[in-house]
Amino acid sequence: TLAENVAMPLQLYSGLDARGAAAVASYKLALVGLAGFEGFLPAAISGGMAKRAAIARAMALDPEILFLDEPSAGLSPAMQDEVFARIAAINHAGVSILIVEQNAHKALRICHRGYVLDSGVDAYTGTGAELLVDPKVIELYLGTLAKSRK
């Protein structure tokens, strides 16, 4: 189940008993919008829910920094918005987050600091807000439609 999946690292590494781990797992699932889904099997949930469940598991042991690789990959636009909203909420709760993401527009909208890489080299650096309006970043990486999203 989702709860068992999130509770596993807690039982292995935190010293919590099964009841304590289940309580923390329920809380972490609620943080990512999955309250009430504790008993669901991973195969029975959508791709967006699976991404959020993976974030809950990554958050289980209260990391100081959360590393996310392509959190929006394969998701519908609505689910991408939901995942990014949850990521922003986790960050606002005090967790530092490093995101590697192809969807630069959505990532830059929630980030404090952005680095646009080109062939593995840092081509542009700035706040997310600065990079979203930088003419070169728009032209080369965000596309002309980004101008209309301001």
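Structure shown above.
A quick note: this is a predicted structure, and the numbers were derived from the prediction, not measured.

Colleague: What should I look at first to understand helix H3 (residues 47–59) in this one?
Modeller: The α-helix advances 3.6 residues per turn, and as a result positions three or four apart in sequence lie on the same side. With 13 residues, H3 should reach 18 Å at 1.5 Å per residue; the first-to-last C-alpha distance of 18 Å fits that figure. The complete set of buried residues in H3 reads Gly48, Met49, Arg52, Ala53, Ile55, Ala56 and Met59. Taken down its axis, H3 places every buried residue within 160 degrees of arc, on the same side. Among the structural elements, helix H1 (2–13), helix H2 (18–31), strand S1 (65–69) and helix H4 (77–92) are those in contact with the buried residues of H3.

Colleague: Hey, could you run me through H4 in this one?
Modeller: The terminal C-alpha atoms of H4 lie 22 Å apart, and with 16 residues this matches the ideal 22 Å at 1.5 Å per residue to within 8%. Every buried residue belonging to H4 is among Gln80, Val83, Phe84, Ile87, Ala88, Ile90 and Asn91, and all of these are buried. The buried residues of H4 occupy one face: seen down the axis, they fall within an arc of 160 degrees. Across from the buried face of H4, at angles greater than 90 degrees, the exposed residues are Ala78 and His92. Lining the buried residues of H4 we find H3, S1, strand S2 (96–100) and helix H5 (104–110). A positive phi of about 110 degrees marks glycine 94, the residue just after H4.

So, how was this worked out
- Residues numbered from 1 in each chain as written.
- Predicted model: local features only at pLDDT ≥ 70, side-chain atom pairs only at ≥ 80, totals over all residues.
- Heavy atoms only, no water.
- Helix = DSSP H or I, 4+ residues; strand = E, 2+ residues; numbered from the N terminus.
- Expected span 1.5 Å × (residues − 1).
- Buried < 20%, exposed > 50% of the residue type's maximum accessible area, 1.4 Å probe, protein only.
- Arc of directions from axis to C-beta.
- Contact = heavy atoms within 4.5 Å.

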